[in-house]
Amino acid sequence: VSEHLGDDAELYPLGMLDDDAARSVERHIATCSSCATRVAQAQSVASSLAAGLPSREPSPALERRLRDITTTQRAQRTRNRFDVGWAFAAVLVLALLAFGWQTVVLRERIGRQDLALATLVHSHFNHVSMTPAAGNSIEAKILYARNGSWIYILVDKPNAPLRAVAQTPAGTMNLGTLERSGDVATLMRHPRVRVSSVTLVRGDATVASAVLVYGR
Amino acid sequence: MDGLVDDFVARRPSGLEQAYALWSGVLYGVARHAIADAAGAEDCVHDALLRVWRSQNRFEGNREMLKAYLVACVRNESMAVLRSRSRRDAREAKAARLSIVPEADMPVADPIEARRLHNALARLPEEQRRALELAYYGNKTHVEIAEELSVPLGTIKSRIAMAMRKLHADLAEPKEVSS
């Protein structure tokens, strides 16, 4: 604050300053506590001067006009609370849906993995490491039933979604996309025909392949 | 803590409603003293309160200070309207309303406060009291007062400001107890 108010501090509450000067006083006292105190003291005197004016009552219309302001404000606040309530409810519902979806997906994945493990335990199976295609360093393995009833593909740390394609006596069979779980992607399938070879594909490019040999 | 002040500062609707219920008489009286027509005076009270209510004002103080603040807002609004009207109309209106210091039998908003004020005004130096009365009760501008009293403009401003400071010191004294 460069300079304190002069006589304007006392003239302001009397309504004697023009609009520019009055706004200047208001800006100044917003940042100057000593001048704000002087203006407050002058307002107190002006209020005492007003006590000497004839008493008059405004018409009921003025009260109605002011009631309109407060009624509108109350309605706005109620609407805001309503909006906030709805927003909270919407977030809660979305959170529950997301949690529910995650739970279902997780349960399904665990179920599939449990099924794969149970299948392995109760089967005689072979396994084969997949051979990476040129320029790929993927580590993948296929476990498969000797009777050809199931095939389980595991890939360690795949850096992109992978799709498995099988060659069978009936022709080419799309086994589907491997599911990522942590650092591993897996796929359990029960093809109705023996799979003779499996190819892992990223996009349209082959990243690994393996030939499946049956018998002991 | 004062619930009214708290509500007003927090801009709760009840703050404005309570303030109006308590002080509508004095606020309208202030406006009506400057603006001759009732509708115009009510507009001044309405517009002043609306401006205060919608502004991000940082009022700090007690109930009496809030009343004084609102009185000053209505007074400023009324005088701004008065200034915006034609000088000729304003002079005619002011001449019709001019009333220096309420008479003893005039009904006032606060008779006890009016009596204290009357006595305090009487204790002011004559030139200061006259300048203040012409400014507040006469609704006259600095220029008009300077012309009427044949005194330089700066002197008029100083006299009015000095009168306000003396009145504050006088009225801040403990209130007289009437016998």
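Residues numbered from 1 in each chain as written. Chains lettered and ligands numbered in written order. Predicted model: local features only at pLDDT ≥ 70, side-chain atom pairs only at ≥ 80, totals over all residues. Heavy atoms only, no water.

Can you lay out the sheet that holds strand β1 (residues 125-129) of chain A for me, pointing to particular residues and giving the numbers?
Residues and elements named next belong to chain A. As summarised here, the arrangement of the five strands in space is β1-β3-β4-β8-β7, forming an open sheet in which the pairing is antiparallel. Two strands in the sheet have a free side with no partner beyond their single neighbour: β1 and β7 (179-181). The mean inter-strand angle of the sheet, taken between neighbouring strand axes irrespective of direction, is 20 degrees. With five bridges connecting them, β1 and strand β3 (residues 139-145) associate as antiparallel partners. Looking at β3, one finds that Asn126 is bridged to Tyr144. (Pairing = 2+ DSSP bridges. Helix = DSSP H or I, 4+ residues; strand = E, 2+ residues; numbered from the N terminus. Axes fitted to C-alpha atoms, helices over the stretch in contact; angles between N-to-C directions.)

Which residues make up the side chain of Ser78 of chain B, and what values do they have?
Residues and elements named next belong to chain B. On the secondary structure map, Ser78 appears in helix α4 (residues 63-84). For Ser78, the side chain forms a polar contact with the main-chain oxygen of Val74, separated by 2.7 Å. Beyond its immediate sequence surroundings of up to four residues, Ser78 is in contact with Val30, Ala31, Ala34, Ile35 and Cys44. (Polar contact = N/O pair within 3.5 Å; in protein donor to acceptor, adjacent residues only side chain to side chain. Contact = heavy atoms within 4.5 Å.)

Account for the interface of chain A and chain B, with residues named and values stated.
Listed by partner, the interface residues are 43 residues for chain A and 62 residues for chain B. Here chain A meets chain B over a buried area of about 4,600 Å², counting both sides, of which 63% is carbon and sulfur. It is Met16, Leu49 and Leu53 of chain A in chain A that bury the most area against chain B; as a group they hold 14% of the surface buried on that side. Where chain A touches chain B, the interface holds six salt bridges. Residue Arg74 of chain A is joined to Glu17 of chain B by a salt bridge in which the shortest nitrogen-to-oxygen separation is 2.8 Å. For the pair chain A and chain B, the number of links is 16 residue pairs in polar contact (both at pLDDT 80 or more). Going through the elements one at a time, α1 (8-11), α3 (33-51) and α4 (60-121) of chain A are the ones with two or more residues in the side of chain A that touches chain B. Looking at the side of chain A that touches chain B, the element that brings in the most residues is α3 of chain A, giving 13 residues. Within the side of chain A that touches chain B, the residues separate by chemical class into 20 nonpolar, 11 polar and 12 charged. (Buried area = accessible area lost by both parts, 1.4 Å probe. Salt bridge = Lys/Arg side-chain N within 4 Å of Asp/Glu carboxyl O. Nonpolar A, V, L, I, M, F, W, Y, C, P; charged D, E, K, R; others polar.)

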